[in-house]
Structures are given as structure tokens and as C-alpha cells.
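# Working through the structure, step by step
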Amino acid sequence: MFQGPLSESLIKKAVEKGLLELQVTDLRDFTSDKHKTADDSPYGGGPGMVMKVDVISSAIDSLKKKLEIGNSKLDIRVILMCPTGKLLTQEKVKELAKEKHLILVCGHYEGIDERVRELVDEEISIGDYVLTGGELPAMVLVDAIARHIPGVVKEEGSVMSDSFYSGLLDYPSYTKPEDFEGKKVPEVLLSGHHKEIERWRRKEALRLTLYRRPDLLAEADLNDLDRALLQEIMTEAGD
Ligand code: 4G0
């Protein structure tokens, strides 16, 4: 299931350009019985299956060994994709993007042996919902990290201006046509007045953040212009 999303779009190009290397490991390759048992029934009874700690441990050890060849002792962070993990943020993505290697463990089935938690450095969740496996969350994490590797996203500036980078949501963008079924592109964007365009964009970013994510606005570091623009926005809303 990793082939689809990861062989699409920018990720595929990044891999082809050698900016990023991805390897998918099948836990069943680290089982020791002829049925390739990666999960078993829970001690104490009850429904569902539990992923085996010994299998996951062997897989992690094998990956670490492989990466350490010629690299001597590496310190490779191991992350468990888990709905009860710490919520993923852009800040965390930027931190992880600095790592040379990462091992992402994807739990499947209904559960995972509790002792797996001791094999990993951290547990990350991509949001407050449960999926059938950790594979999609792992791909989300890979995509988010890949965008921070120099050369993956065409214009460096587009990563810098991302929503969340500055602590505000992005300003609204428009392209041709100038008039779509009576919905017009804001005049200022056609004016060529760079200073005014910049001011308009900042104001609209503030407006969007105020209405949709007031929690972000409370944390953002705003300058005097920002506060003046917010005042304008609130005055306009009061009209
Ligand atoms: C239950 C992550 C389900 C427990 C994984 C894993 C959503 C997310 C799963 C585990 C997932 C998320 C204890 C590893 C797999 N669903 N929100 N399903 N453990 O990031």
C-alpha cells in the first residue's frame, strides 16, 4: 500500500533525484515460524489480535544494523504511529526533517504488545481518529518531512510561506480568469502595487486566522502593523 502514494508526485521525484530514500519493511520477514505469525491472541483473553513484540524488535534491530554498516554507531530515532501518540505539528515535522534516518513503525490489527512502547523513542499521532493501520499516518509523516528537504519542493519560498510556518494561515491566492461567473479577483492584486499587495495579503492571512483558527492567532507573534490590521478587520466586521 506504500507504492501508490509514495510513487506519486513530488515524493517520487525526490527519490529519483536521490534527495530521499524510502524503504518498506514487511514485519512478516522477521517472524520465526512457518506461518509467518506477526500477531497473536491477547493474554488474559478477549477479542482481536496483538502484534508481537519480538517480531517488531527483530525488524527494528535489523534496520538499525543495516544502516550502521560503514556508519559505525548511529542514533536512529524510532517512531511508533499511534492514535494515542503526541499530535503531529509543523514544528515536530521540522525537527524530524533534520534527522538523517528515521524508522517508522506501523501497527496494524487491533493492538500492539505494550512492550513495543519501550522499543521506540516516541509515539506520534496524525490526528484524533483511528485508522485500520499506521501505514497511512506513516505516509503522511513522510510527505510532511520530505517537503522540508532542500530541493524537494521547487521554490524554497513556498515552504517558508506555508500555513503554520509564520504561525498564521496562508493568504488567499487567485489565478486566471480575472472574472469567474461574476466572482472577481480582488482589485489590489491586479494593481501592481507591491507594497499594497503585501499589506492586503497580511491582512487577509490575519482575517482567515482570526475567523478559523483564533487559537493560532493567540500564539502568533504579531507586530504593530498586524495589530493595526486586526483592528481594521474588527472594525469592518462591526459595520
Ligand atoms: C491502535 C495511528 C491502532 C493502536 C495509527 C495502532 C490512527 C493513527 C493503530 C495502535 C492508527 C493516528 C498502539 C500502535 C493503528 N490509526 N491517528 N491505527 N498502536 O495517527
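Details of the structure are given in the entry above.
Since the structure is predicted, the reported quantities are computational estimates derived from the model, not experimental observations.

The next subject is helix α3 (residues 53-68). The terminal C-alpha atoms of α3, which comprises 16 residues, lie 22 Å apart, in line with the 22 Å expected from a rise of 1.5 Å per residue. Among the residues of α3, those classed as buried are Val-53, Val-55, Ile-56, Ala-59, Ile-60, Leu-63 and Glu-68. Here the buried face of α3 lies against β2 (50-51), β3 (77-87), β4 (102-106) and β5 (111-112). Trailing α3 by a residue or two, Gly-70 shows a phi angle of about 75°, which is positive.

Time to look at the sheet that holds β3. Spatially, three strands are ordered β4-β3-β6 in an open sheet, and the strand pairing comes out parallel. Every other strand in the sheet has two partners, leaving β4 and β6 (122-125) as the edge strands with one partner each. Ignoring which end each strand starts from, the neighbouring axes of this sheet average 45° apart. Across five bridges, the pairing between β3 and β4 is parallel. Residue pairing in the sheet places Met-81 in a bridge with Cys-106 of β4. Most of the contacts of helix α5 (residues 135-146) go to β4, to which it runs at about 155°, and overall it touches β3 and β4.

Take the packing of helix α7 (residues 194-212) against helix α9 (residues 224-238) next. Orientation of α7 relative to α9, taken along the N-to-C sense of each, is 65°, at an axis distance of 9 Å. The crossing of α7 and α9 is right-handed. Where α7 approaches α9, its residues Arg-199, Arg-202, Lys-203, Leu-206, Arg-207, Leu-210 and Tyr-211 are matched on the opposing element by Leu-225, Asp-226, Leu-229, Leu-230, Glu-232, Ile-233, Met-234, Glu-236 and Ala-237. Classifying every residue of the contact of α7 with α9 gives nine nonpolar, no polar and seven charged.

Reading the values: rules and limits
Chains are numbered independently. Their residues run from 1 in the order of the written sequence. Note on the predicted model: pLDDT of at least 70 is required for a residue's local features to be given, and 80 or more for side-chain atom pairs to be given and counted; whole-chain, interface and lining totals, by contrast, use all residues. Calculation of side-chain values draws on the structure's entire complement of heavy atoms; hydrogens and water are dropped beforehand. The secondary structure listing takes helices from DSSP runs of H or I that are at least 4 residues long and strands from runs of E that are at least 2 residues long, numbered from the N terminus. Expected span, for any helix, means 1.5 Å times one less than how many residues it has. Exposure classes here rest on a 1.4 Å probe applied to the protein chains alone. A residue is buried below 20% of its type maximum, exposed above 50%, and partly exposed in between. Pairs of residues are marked as contacts when any of their non-hydrogen atoms sit within 4.5 Å. Criterion used throughout: strands pair if DSSP finds at least two bridges between them. Each axis is a line fitted through C-alpha atoms, taken for helices only over the stretch in contact, and angles between the N-to-C directions span 0 to 180 degrees. Crossings are classed by handedness, with left-handed meaning an anticlockwise turn of the near helix from the far one by less than a right angle and right-handed meaning a clockwise turn. Residues are sorted three ways: Asp, Glu, Lys and Arg are charged, Ala, Val, Leu, Ile, Met, Phe, Trp, Tyr, Cys and Pro are nonpolar, and all the rest, Gly among them, are polar.

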